[in-house]
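Geometric and topological summary
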Amino acid sequence: VANTIWAFATLGVRPGGELLGGMERRAVATMQGFKPQNVANTMWAYATLGVTPGKELLGGVERRAVDTMQGFNPQDVANTIWAYATLGVTPGKELLGGVERRAVDTMQG
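Once a new chain begins, its residue numbering starts again from 1 and follows that chain's sequence as written. Local features in a predicted model are, by the rule used here, given only for residues with pLDDT of at least 70; side-chain atom pairs are given and counted only at 80 or more, and totals for whole chains, interfaces and linings are based on all residues. With hydrogens and water excluded, all non-hydrogen atoms of the structure serve as input to the side-chain values.

Regarding the side chain of asparagine 79
Strands here are runs of E lasting at least two residues and helices are runs of H or I lasting at least four, both read from the DSSP assignment and numbered beginning at the N terminus. Residue position: asparagine 79 is located in helix H5 (residues 74–87). Judged by relative accessible area, asparagine 79 falls into the buried class, the value being 16%. The buried label goes to any residue with under 20% of its type's maximum accessible area, the exposed label to any with over 50%, and the partly exposed label to all in between, with areas taken from a 1.4 Å probe on protein chains only.

Below, the structure written as structure tokens:
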């Protein structure tokens, strides 16, 4: 799911409503299996397409990002926080704190 939405965004093509809705529902259903790159790519894709994910997907992404933050590399951190900023969505305090700590950790090596 993350790779498919990423591919559409990379092409600069917004999927039709049926496909976009189906991918969003599938992402919510499979979020517990998302790795850090899947989380970052999903948010990057939505932001690149200019589409704000639904509340259920945003909540799932945020929880999964917090749960897997130690696995985020610098690009995952940057893409995730960039996506929130681009969409005009303020992440929760737990995610913001996790992103900040992870950014510091990755800069220190």
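Once the structure has been displayed, the description carries forward.
A few points about the environment of threonine 90
Of note, threonine 90 is situated in the loop between H5 and helix H6 (93–108). Exposure remark for threonine 90: the relative accessible area of 67% places this residue in the exposed category. Taking C-alpha positions, threonine 90 is 26 Å from valine 13, a pair spaced 77 residues apart along the chain.

Some details on H6
A helix is expected to span 1.5 Å multiplied by its residue count minus one. Relative to the 22 Å expected for 16 residues at 1.5 Å per residue, H6 spans 23 Å between its end C-alpha atoms, a close match to the ideal helical length. Along H6, the residues classified as buried are Leu95, Gly97, Gly98, Val99 and Arg102. Elements that come into contact with the buried residues of H6 comprise helix H4 (55–68) and H5. The contact rule is simple, with two residues in contact once any of their heavy atoms fall within 4.5 Å.

Examining the packing of H5 against H6
In contact at an axis separation of 10 Å, H5 and H6 are set at 145° when each is read in the N-to-C sense. The hand of the H5/H6 crossing is left-handed. Residues Pro74, Val77, Ile81 and Tyr84 of H5 pack against Leu95, Leu96, Val99, Arg102, Ala103 and Thr106 of H6. Residue polarity follows a fixed list, in which Ala, Val, Leu, Ile, Met, Phe, Trp, Tyr, Cys and Pro are nonpolar, Asp, Glu, Lys and Arg are charged, and the others, Gly among them, are polar. Along the lines of polarity and charge, the residues of the contact of H5 with H6 split into eight nonpolar, one polar and one charged. Lines fitted to the C-alpha atoms define the axes, with helices restricted to the stretch that makes contact. Angles between their N-to-C directions range from 0 to 180 degrees. Should the near helix be turned counterclockwise from the far one by less than a right angle, the crossing is left-handed, whereas a clockwise turn marks it as right-handed.

Function-wise, these values are silent; they only describe arrangement.
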